[in-house]
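# Inside the fold
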Amino acid sequence: MSFVIPTDVKALGKVAVLMGGRSAEREISLRSGNGVLQALRSQGVDAHPFDPAERELAELKREGFDRCFVALHGRYGEDGTVQGALELLGIPYTGSGVMASSVGMDKVMTKRIWLHENLPTPRYLQRPSRALRDPAAQQALAEQAVAELGLPMIVKAPHEGSSIGVYKVHDLAETLEAIRQVAAIDNAVLCENLIVGEELTCPILGTGDQARALPMVRIVAPGGDYNYEQKYFTDEVQYQCPSGLPAELEALIQKEALEAYLALGCRGWGRVDVMLRAEDQQPFLLEINTSPGMTDHSLVPMSARVSGIDYPQLCLLLLAWASLDNQPAAGA
């Protein structure tokens, strides 16, 4: 695997690092964005912080920014909305375009596409939150989910990230309460068959035929609970990269993760989360992140280092690939 790290940083122009934003992942985005900002500046890039929650995006055009590094996570940053605005402004940006970002942020639509492509993902049920205003409808979904998916199961908000709005439930009462909680924060509720086994993630770099899967990361969380706090605010989680999986099995999962990435039309970079079922070593694709974290706990930089790409080089590479939907990604 070889990617050409740009050396002419002046050609990258004036760069805005989009960070913060209005999603529930604002705090993590600020950490990602500041890491990227420092890395780019350390390489001589004319990079500046830009928080869309505090400034109008039109200022990007007025202030002469040439490209954007999108370090936003979650809604209003990873879901195609900011990407659409940048398309209208004509300012190239890192990562996936409008449609791939929008679909990738919607876990239900992502699963539908993967299933159409014969890619493995856990069985599920979903309902729009507007159909769950009646307690009787909530009860009916809880009972149906228990009957069809079994217990324990996962109930999650399909438009959130960083494990926000994710509940592992063990009985009908917990299932019902989780449905109520998710319906209050998202416009849909996703109930998903729980896969018991190893938690893995596979970063992807590149676009189209040039896209490549990086070394996988095995995640070992205390009690198997890889939640928001464990992801970002403790050092109790163990990350193994190289993963230690048999080479043939890792290659199989990497192949499926790359197919999953391409099936959604992603570009630039992404990260596919996977569960490896303990009983038969069958991998299941959980979700995709089209604007992965870039904090000191983040997994794409960890995997890239194993591939010989350090953090500043990774930031430069992604920035050089910034593009628009109607303009091919340069060098990717």
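Before going into details, it helps to say that this report is about the structure given with it. Here the structure is a predicted model, which means the values were calculated and not measured. (Residues numbered from 1 in each chain as written. Predicted model: local features only at pLDDT ≥ 70, side-chain atom pairs only at ≥ 80, totals over all residues. Heavy atoms only, no water.)

## Comments concerning unusual backbone geometry
This is how the line gets drawn: Helix and strand definitions here come from DSSP, where helices need a minimum of 4 consecutive H or I residues and strands a minimum of 2 consecutive E residues; each element is numbered from the N-terminal end. The buried label goes to any residue with under 20% of its type's maximum accessible area, the exposed label to any with over 50%, and the partly exposed label to all in between, with areas taken from a 1.4 Å probe on protein chains only.
Of note, the amide linkage connecting Leu151 to Pro152 takes the cis form, showing an omega dihedral of -10°. Positionally, Pro152 belongs in the loop between α6 (135-149) and β5 (153-156). Residue Pro242 is bonded to the preceding Cys241 through a cis peptide linkage, with omega at 5°. Mapping Pro242 onto the fold places it in the loop between β11 (238-240) and α9 (247-263). Its identity is not glycine, yet Asn118 carries a phi of approximately 60°, on the positive side. Backbone geometry places Gln281, a non-glycine residue, at a positive phi of 60°. In this fold, Gln281 is placed in the loop between β12 (269-277) and β13 (283-289). Under the relative-accessibility criterion, Gln281 is labelled partly exposed at 38%.

## Regarding the pattern of salt bridges
Pairing between side chains of opposite charge can happen when the charged atoms of each approach one another. Basically, it comes down to this: Salt bridges, as used here, are contacts in which a Lys or Arg side-chain nitrogen is within 4 Å of a carboxyl oxygen on Asp or Glu.
This structure, assessed with the given rule, holds 14 salt bridges. Among the salt bridges present, the one from Arg271 reaches Asp273, with a minimum N-O distance of 3.2 Å. Residue Arg271 is classed as buried on the basis of its relative accessible area of 12%. Taking the shortest distance from any N to any O, the salt bridge between Asp280 and Arg277 comes out at 2.6 Å.

## Quick look at the side chain of Thr175
Rules: Here a polar contact is taken to be a pair of N or O atoms separated by no more than 3.5 Å, where protein atoms must pair a possible hydrogen donor with a possible acceptor and residues adjacent in sequence count only if both atoms sit in side chains. Contacts are assigned to residue pairs that have any heavy atoms within 4.5 Å of one another.
Of note, Thr175 is situated in helix α7 (residues 172-185). Of the polar contacts made by the side chain of Thr175, one reaches the backbone oxygen of Asp171; its length is 2.8 Å. In contact with Thr175, other than residues within four places in its own chain, are Ala142, Val146, Leu151, Met153, Val155 and Val169.

## As for the packing of aromatic side chains
Defined as follows: The criterion for an aromatic pair is that two Phe, Tyr or Trp rings (for Trp, the six-membered ring) have centres within 6.5 Å, with stacked assigned to planes under 30 degrees apart, edge-to-face to planes over 60 apart and tilted to the rest. Counted as over-ring charges are cases with an Arg CZ or a Lys NZ within 6 Å of the ring centre that also lie within 35 degrees of the ring normal.
Tallying each qualifying case throughout the model produces three aromatic pairs. Here the aromatic rings of Phe3 and Trp321 are separated by 5.3 Å at their centres, their planes lie at 75°, and the arrangement is edge-to-face. With a gap of 318 residues between them, Phe3 in the segment before β1 (14-18) and Trp321 in the segment after α11 (311-320) connect regions that are remote in the sequence. Trp321 shares its class with Phe3; the two are buried. Each ring, one from Phe50 and one from Phe65, has its centre 6.4 Å from the other, and the planes form 80°; the classification is edge-to-face. On the criterion of sequence distance, the pair formed by Phe50 in strand β2 (residues 46-50) and Phe65 in the loop between α2 (58-62) and β3 (67-70) is long-range, its members being 15 residues apart. With relative accessibility at 0%, the residue Phe50 sits in the buried group. Since its relative accessible area comes to 8%, Phe65 is described here as buried. The side chain of Lys14 reaches across the aromatic face of Phe65, ending 4.6 Å from its centre. The aromatic ring of Tyr76 is capped on one face by Arg22, whose charged end is 4.2 Å from the ring centroid.

## Quick word on the sheet that holds β3
Using the following cut-off: Should DSSP find at least two bridges between two strands, the strands are taken to pair. Here an angle of 0 to 180 degrees is reported between the N-to-C directions of two axes, which are lines fitted to C-alpha atoms, with helices fitted over the stretch in contact.
The sheet built from three strands is open, its strands ordered β2-β1-β3 with parallel pairing. Single-partner strands in this sheet number two, and they are β2 and β3. The average angle at which neighbouring strand axes cross in this sheet is 30°, direction not considered. With five bridges connecting them, β1 and β2 associate as parallel partners. By the bridge assignment, Val17 is partnered in β2 with Pro49. Its contacts with the sheet put α11 on β1 and β3, and the angle it makes with β3 is roughly 130°.

## Let's talk about the sheet that holds β5
Spatial ordering of the open sheet is given by β4-β7-β5-β6, a layout of four strands whose pairing is antiparallel. The sheet is open, and its two borders are formed by β4 (124-128) and β6 (166-169), each paired with just one other strand. Direction aside, neighbouring strands of the sheet carry axes that sit 15° apart on average. Relative to β6, β5 runs antiparallel, the two being bridged by four bridges. Bridging across to β6, Lys156 finds its partner in Val166. Contacts between helix α5 (residues 107-116) and the sheet are confined to β4, β5 and β7 (188-193), with β4 contributing the most and set at about 135° to the helix. Docked against the sheet, α6 engages β4, β5 and β7, running at close to 165° with respect to β4.

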